[in-house]
Amino acid sequence: MASRKSPAVLAISAIFLLLVHGARSFYLPGVTPQDFSKGDRLKVKVNTLTSTKTQLPYSYYSLPYCRPERIVDSIENLGEVLHGDRIENSPYVFSMREPQMCNIVCRIIPNAKFVKEFKEKIDDEYRANMILDNLPLVIPIQRPDQEAPTVYQLGFHVGLKGHYAGSKEEKYFIHNHLAFTVKYHKDMRTGTARIVGFEVKPFSVKHEYEGKWTELSTCDLHSKHTVVNSNSPQEVAEKQEIIFTYDVEFQESDVKWASRWDAYLRMGDYQIHWFSIVNSLLNVLFLSCIVAMIMLRTLYRDISKDNELETQEEAHEETGWKLIHGDVFRAPNNFELLCVHVGTGAQLFGMILVTMIFAVLGFLSPSNRGGLMTTMLLLFVFMGLFAGYASVRLYKMFQGTEWMKIAFRTAVMFPATISAVFIVLNTLIWGQSSSGAVPFGTMLTLVYFWFGISVPLVFVGGYVGFRKPALEDPVKTNKVPRQIPEQAWYMNPVFSILVGGILTFGAVFNELYFILTSIWLNQFYYMFGFLFLVFIILIITCAEITIVLCYFQLCSEDYLWWWRSYLTSGSSALYLFLYATFYFFTKLEITKLVSVLLYFGYMLIASYAFFVFTGTIGFYACFWFTRLIYSS
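These numbers come from a predicted model, not from an experiment.

### Focus: the overall build of the protein
In terms of regular secondary structure, the protein is built from 16 helices and 13 strands. Taken across its 632 residues, the protein has 50% of its residues classed as buried. Long-range pairs, those at least 24 residues apart, make up 80% of the contacts in the protein between residues at least 6 apart in sequence. If you sum the accessible surface of the protein, you get close to 31700 Å²; carbon and sulfur atoms cover 61% of it.

### Details of the state of the cysteines
Tallied over the entire structure, the rule returns one disulfide. Each sulfur in the disulfide pair Cys66 and Cys106 lies 1.8 Å from the other. Because the sign of the S-S torsion sets the handedness, a value of about -80° for the bond joining Cys66 and Cys106 places this disulfide among the left-handed ones. One end of the pair, Cys66, is in the loop between β1 (41–50) and α2 (78–83); the other, Cys106, is in strand β3 (residues 100–108), and 40 residues separate them in sequence.

### Quick word on the side chain of Thr181
Looking at where Thr181 falls in the secondary structure, it is placed in strand β11 (residues 177–186). For Thr181, the contacting residues outside a window of four places in its chain are Gly197, Phe198, Glu199, Glu249 and Gln251.

### Focus on a nonpolar patch on the surface
Side chains of Leu385, Phe386, Val460, Tyr463 and Val464 sit close together on the surface and give an oily, nonpolar patch of about 430 Å² of accessible area. Looking at the nonpolar patch, the elements that each hand over two or more residues are α8 (384–397) and α10 (440–467). Ranked by residues supplied to the nonpolar patch, first place goes to α10 with three residues.

### Notes on the environment of Gln55
In this structure, Gln55 sits in the loop between β1 and α2. Taking C-alpha positions, Gln55 is 9.8 Å from Asp124, a pair spaced 69 residues apart along the chain. Contacts of Gln55, omitting those with residues within four sequence positions, involve Ile519, Trp520, Ile590 and Leu598. At 3.0 Å, the side chain of Gln55 and the backbone oxygen of Thr52 are in polar contact.

### Comments concerning the nonpolar core
In terms of nonpolar packing, the biggest core is built from 81 residues, with Leu554, Trp561, Trp562, Tyr599, Phe619 and Tyr630 touching the most fellow members. The leading source of residues in this core is helix α16 (residues 593–630), at 15 residues. Each of domain 2 (269–301 + 494–631) and domain 3 (331–472) accounts for three or more of the residues forming this core. Those residues in contact with Phe619 that lie beyond four places of it in its chain are Leu338, Val342, Leu394, Trp562, Ser565 and Tyr566. Counting 58 residues, the second largest nonpolar core, distinct from the first, contains Tyr61, Leu63, Val105 and Val236.

Conventions we followed
Residues numbered from 1 in each chain as written. Predicted model: local features only at pLDDT ≥ 70, side-chain atom pairs only at ≥ 80, totals over all residues. Heavy atoms only, no water. Helix = DSSP H or I, 4+ residues; strand = E, 2+ residues; numbered from the N terminus. Buried < 20%, exposed > 50% of the residue type's maximum accessible area, 1.4 Å probe, protein only. Contact = heavy atoms within 4.5 Å. Areas by Shrake-Rupley, 256 points an atom, 1.4 Å probe, with all protein chains shown as cover. Disulfide = S-S within 2.5 Å. Patch = residues over 30% accessible without salt bridge, like charges linked within 9 Å, V, L, I, M, F, W, Y side chains within 5 Å. Salt bridge = Lys/Arg side-chain N within 4 Å of Asp/Glu carboxyl O. Polar contact = N/O pair within 3.5 Å; in protein donor to acceptor, adjacent residues only side chain to side chain. Core = buried A, V, L, I, M, F, W, Y, C linked by side-chain atoms within 4.5 Å. Domains from an automatic or database assignment.

Written as structure tokens, this is what we have:
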């Protein structure tokens, strides 16, 4: 007879299995599949030109590529616009399951301006990106280890640099012939097919012809002469014609449509991720043991001894953390600023938590370009309700009365700081004529989200928080502040804050590498299962390290714990920025000043958000801890 398991056990097991499955790129397709019959038209769309050396995207047609009769922009969501995607139609048109060889697209004769633009893009290693049936164009790259899975690179290089045999002069060559491979999964019952792969092999070919340029001898089907290599590459030079051509091959695949993104999202570094998780769990276990010793041994012994002496009516002298009970809940300096930061941290926490849950459950499909950024932005706006509640609730505990002022500062301070940096960076991008510059209309949309939705919600949350009864302190506060004794060197605020930050940063150190690689090296990342586990570990680490250091601080009779609890875990943002600097000099090849400013500007924004987020977790953990021990 099978044993019955409790609902709690089943729920925990289901969540664990979901996280493990989510770690391996579980997702919901997110879009409706399209069935194609043989001969149906397949329209290729072009996306922006991207480069990991400049981090500045440009419109595909900023280069003199072949154009359709009329360029039509595809409708973009907010996340795509902020990411710099500009999706347009192209002259590349296929027929489903009908191979094509050496189709001529167009011929151009570049002038000096066009030659300069091509050479600059080749120098900066720009890639051209395309989309077919919502799948990005990729180049398959087989790893040296034959058993390792194939990895995919987004897009193909505009061209390459090299020199002719016997010559040392460097030349520029353009990829003007594209050999496309469209993979499809056929439904044996209906005979229709769905696209499950879109790959390319780029070539640089100097096409030859006799008579008309539309009759090429370099890829003649009748003579079985097709492009298979680049023995005679196409040089980029003024008034030297370039003929663009392409092949299309169709391959049947066993991959089903619902799993077509798996190959692109597959990352072969699972062992590194699991090592990171285990390492972080060991740190959490160690901190948990320390917290348990404090809570179950030291505090229990002190409180029990205290109560025993009171029952025997024996006089006793208070020591350690009990000695400062009349000052521990005294309002700190600049408590209004602390309330604002705590409220903003609650807003960020809600945004990140819900986003993580959606991602792990598979709702943020990779096929929905810009979906992640759009979701985070909308969640941040609507989480303003919790920001106002948290900041004003804490403000009222400090006996504040001007709650509307605190609500306004909570609604404005963090977004205004981020917006100021963002506007400066966007101006730099606009000055480079990059498609990554956010249009004026989108800026107005963001302003509307801010003042039309977020600010009112912060005030609503603040009103609800102010109507609630103020939290009462477990112990009374003395009128005259107690003098803090001289502290040991290891209890110096700067030292303890920096120590707490580095331990917190250790929880996300390994996963941060993959996140930065995804953002700045234009690689796929969809390891939200691992990321959610790291997120949980980060929360626990922030809470436990702050509690431990807060207890040591109180035992040394230092009652100024409010700001230090926030800064202890929040200082991990300093290490995040230092790591980003290290990553910049060791992994990236950015040389342009504008690109350098963009990198450090965006990482500064990320570090500030991380500071507010982790600082709030540490503050609430310490707040709960102090109220717990002094109420005993």
